[in-house]
Amino acid sequence: MSAGRLTIERIGVVGAGTMGTGIALLSCLGRYATSIHDPDEAVLSAAQTTIGEALAEGADKRWTADEAEAASGRLRAAESLADLAGSDLVIEAAPEDLALKRRLFADLGSICGPETILATNTSSLRVAEIAAGAAHPEAIVGMHFFNPPVLMQLVEVVATEASSTAMLVAATEVAKEMGRTPIRAKDSPGFVANRLARPFSLESLRMLADGLADAPTIDRVVRIGGGFRMGPFELLDLIGLDVNLTIGRSLYEQGGRPERWRPSPIQERMVAEGRLGRKCGLGFYEYGTGRHRERDPDLGIEGPTLGAEELRRIDPAGPEIMLRLTAQIANEAAYALADEVASPADMNTAMRLGFNWPLGPLEFTGMIGADRAAALLDELRERLGDAYVPAPGLT
Ligand code: NAD
């Protein structure tokens, strides 16, 4: 089984929420006979409608009308998990709850048999923990899609130590057939993109805590000088401070509580006060009528840049903001390389496609220079503590 090429024709999707619906849509477009299951009948029926409507809406724009019609014909609703017997691959997108996922994988193992690949879309649990106790741990992999799956190109194919190579290769091929860009990730905290994204919010929150600048200023510098589409605080407001904090706390614990991943007291306080971001009208910004920010002025700057003169045109603190952020992005990338979470090329792909970064993290390392980043981190460590311990590989 681990040697030959596996043929995937039938895909089962478990959980018909936000992610399951999007994944089933991609599966139909990828020409797979697709069965989607959800224990909630109303949710299951709504998902079928949503997929049908999305296929119709995208016709003549994202795909042809013929492709949409053919894709619709490949979808069926599975009333029970047992209806997924005979699938070549099952992708689980049920709630982020370890006990629930373990139960599901145990059930799927007996329903499907050892030749079926069982993939989880978990974003913060260890795949190996979900696989613990499964009859065939070699058949269990991660397929981590990003939200919304139909727009986000990245899929992290996550390998546990037990995952079969042939099954990982087959999952990677499926992601390609779905029109996505797969990368290979080690089963480690946050996998690749969510881990490498930590410094974007955490270092910005530390700069805010230090009083270096306020949130709108840091956002403006990061947008104009960093070339990011959104600043870190706007992004936190969009994602939801609570959602981001849950992921952050989980990574902090799984990683053995490294100081650089310690959740921000500012964020903890805001979440406790119910200032969760856009969804409740108040986060770092107030959302009511109209735009929450003015259009950025055209300063003739083409970010990403570390040019001090240019960055000072945005704000006097501009150079320090970009240097600190870039040094921490480079530092996390160096830690991730040391932990072998992914290849350098896959790390860059993950951040460009998973978070729309203008450059990959190792390209940011190239921009600042590893030595310069390490020297700055050493200096900051003396002043501000162990969140700034440089990764051994950086020096
Ligand atoms: P969701 O709440 O929108 O959907 C979960 C669905 O699972 C619901 O429809 C629910 O009825 C169903 N469900 C509940 N119990 C079930 C069971 N026993 N068997 C099968 N289905 C069951 O959640 P979501 O946002 O789609 O997230 C699903 C998974 O994808 C989670 O593991 C999450 O961490 C991961 N993920 C989410 C995002 C995101 O941005 N939403 C991104 C990447 C990964």
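Each remark here, short or long, concerns the structure printed above.
Nothing here was measured: the structure is a model prediction, and the numbers come from that model.

## Description of the overall build of the chain
Point 1. Along the chain, the regular secondary structure elements total 17 helices and eight strands.
Point 2. Since a compact globule built from 395 residues should have a radius of gyration of about 21 Å, the 22 Å found for the chain is in line with a globular shape.
Point 3. For the chain, the spread of C-alpha atoms along the principal axes amounts to about 60 × 45 × 40 Å.
Point 4. Expressed as a percentage of the 395 residues in the chain, the buried residues total 53%.
Point 5. Put simply, 69% of the contacts in the chain that link residues at least 6 apart link residues at least 24 apart.
Point 6. Of the accessible surface of the chain, which amounts to about 17000 Å², a share of 49% is contributed by carbon and sulfur atoms.
Point 7. Distance between charge centroids for the chain: 3 Å, based on 39 positive and 55 negative side chains.

## Considering the environment of glycine 393
Point 1. Tracing the backbone shows glycine 393 in the segment after α17 (370–384).
Point 2. Taking the C-alpha atoms as reference points, glycine 393 and alanine 374, 19 residues apart in sequence, are found 9.7 Å from one another.

## Remarks on the sheet that holds strand β1 (residues 10–14)
Point 1. Strand order in the open sheet formed by eight strands is β3-β2-β1-β4-β5-β6-β7-β8, with mixed pairing between adjacent strands. Looking at the sheet topology across the chains shown, the edges are occupied by β3 (75–78) and β8 (181–186). Neighbour-to-neighbour, the strand axes of the sheet open up by a mean angle of 25°, direction not taken into account.
Point 2. The pairing of β1 with strand β4 (residues 89–92) spans four bridges and is classified as parallel.

## Brief notes about the packing of helix α14 (residues 318–338) against α17
Two packed helices can be described by the angle between their axes and the distance between those axes.
Point 1. Following both chains from N to C, one finds α14 and α17 inclined at 105°, their axes separated by 9 Å at the closest point. Compared by their axis directions, α14 and α17 come out roughly perpendicular. Contacts between α14 and α17 pair Glu320, Leu323, Arg324, Ala327, Gln328, Ala330 and Asn331 from the former with Arg372, Ala373, Leu376, Leu377, Leu380, Arg383 and Leu384 from the latter.

## Observations regarding the packing of aromatic side chains
Point 1. Following the criterion strictly, the structure yields seven aromatic pairs and no others.
Point 2. Both rings, one in phenylalanine 228 and one in tryptophan 357, keep their centres 5.5 Å apart while their planes meet at 80°; by these two values the pair is edge-to-face. One end of the pair, phenylalanine 228, is in the loop between α9 (215–224) and α10 (232–239); the other, tryptophan 357, is in the loop between α15 (344–354) and α16 (361–368), with 129 residues separating them in the sequence.
Point 3. Given a relative accessible area of 6%, phenylalanine 228 falls into the buried group.
Point 4. One cation-aromatic arrangement involves arginine 206 over tyrosine 388; the distance from NZ or CZ to the ring centre is 5.4 Å.
Point 5. The aromatic ring of tyrosine 335 is capped on one face by arginine 260, whose charged end is 3.7 Å from the ring centroid.

## Let's talk about the side chain of asparagine 121
Point 1. Note on placement: asparagine 121 falls in the loop between β5 (117–120) and α5 (127–131).
Point 2. When near neighbours in sequence (up to four residues on either side) are disregarded, asparagine 121 contacts Met19, Ile23, Glu92, Ala93, Met143, His144 and Phe145.

## Considerations on the nonpolar core
Point 1. Residues Leu108, Val192, Ile218, Phe233, Phe284, Ile321 and Leu394 are the most contacted members of the largest nonpolar core, which totals 81 residues.
Point 2. Among the elements that take part in this core, α14 stands out by supplying eleven residues, more than any other.
Point 3. Valine 192 has contacts with Glu156, Ile183, Ala185, Val341, Ala342, Met347 and Ala350, leaving out every residue within four places of it along the chain.
Point 4. Counting residues in each nonpolar core, the second largest holds 40 residues, with Ile8, Val141, Leu168 and Val174 among its members.

## Observations concerning the pairing of β5
Point 1. What you see with β5 is no split at all: Ile117 and Ala119 on one side and Leu118 and Thr120 on the other are buried throughout.
Point 2. Regarding topology, helix α4 (residues 98–112) serves as the crossover connection from β4 to the parallel β5, and that connection is right-handed.
Point 3. Of the strand pairs in this sheet, β5 and strand β6 (residues 140–145) are connected by three bridges, and their pairing is parallel. Looking at the pairing, alanine 119 lines up with valine 141 of β6.

Cut-offs and rules
- Residues numbered from 1 in each chain as written.
- Predicted model: local features only at pLDDT ≥ 70, side-chain atom pairs only at ≥ 80, totals over all residues.
- Heavy atoms only, no water.
- Helix = DSSP H or I, 4+ residues; strand = E, 2+ residues; numbered from the N terminus.
- Rg over C-alpha atoms; globule rule 2.2 N^0.38 Å.
- Buried < 20%, exposed > 50% of the residue type's maximum accessible area, 1.4 Å probe, protein only.
- Contact = heavy atoms within 4.5 Å.
- Areas by Shrake-Rupley, 256 points an atom, 1.4 Å probe, with all protein chains shown as cover.
- Lys, Arg positive; Asp, Glu negative; His and termini not counted.
- Charge placed at Lys NZ, Arg CZ, Asp CG, Glu CD.
- Pairing = 2+ DSSP bridges.
- Axes fitted to C-alpha atoms, helices over the stretch in contact; angles between N-to-C directions.
- Parallel < 35°, antiparallel > 145°, perpendicular 65-115°, else oblique.
- Phe/Tyr/Trp six-rings, centres within 6.5 Å; stacked < 30°, edge-to-face > 60°.
- Lys NZ or Arg CZ within 6 Å of the ring centre and 35° of its normal.
- Core = buried A, V, L, I, M, F, W, Y, C linked by side-chain atoms within 4.5 Å.
- Right-handed = clockwise from strand over helix to strand, strands pointing away.

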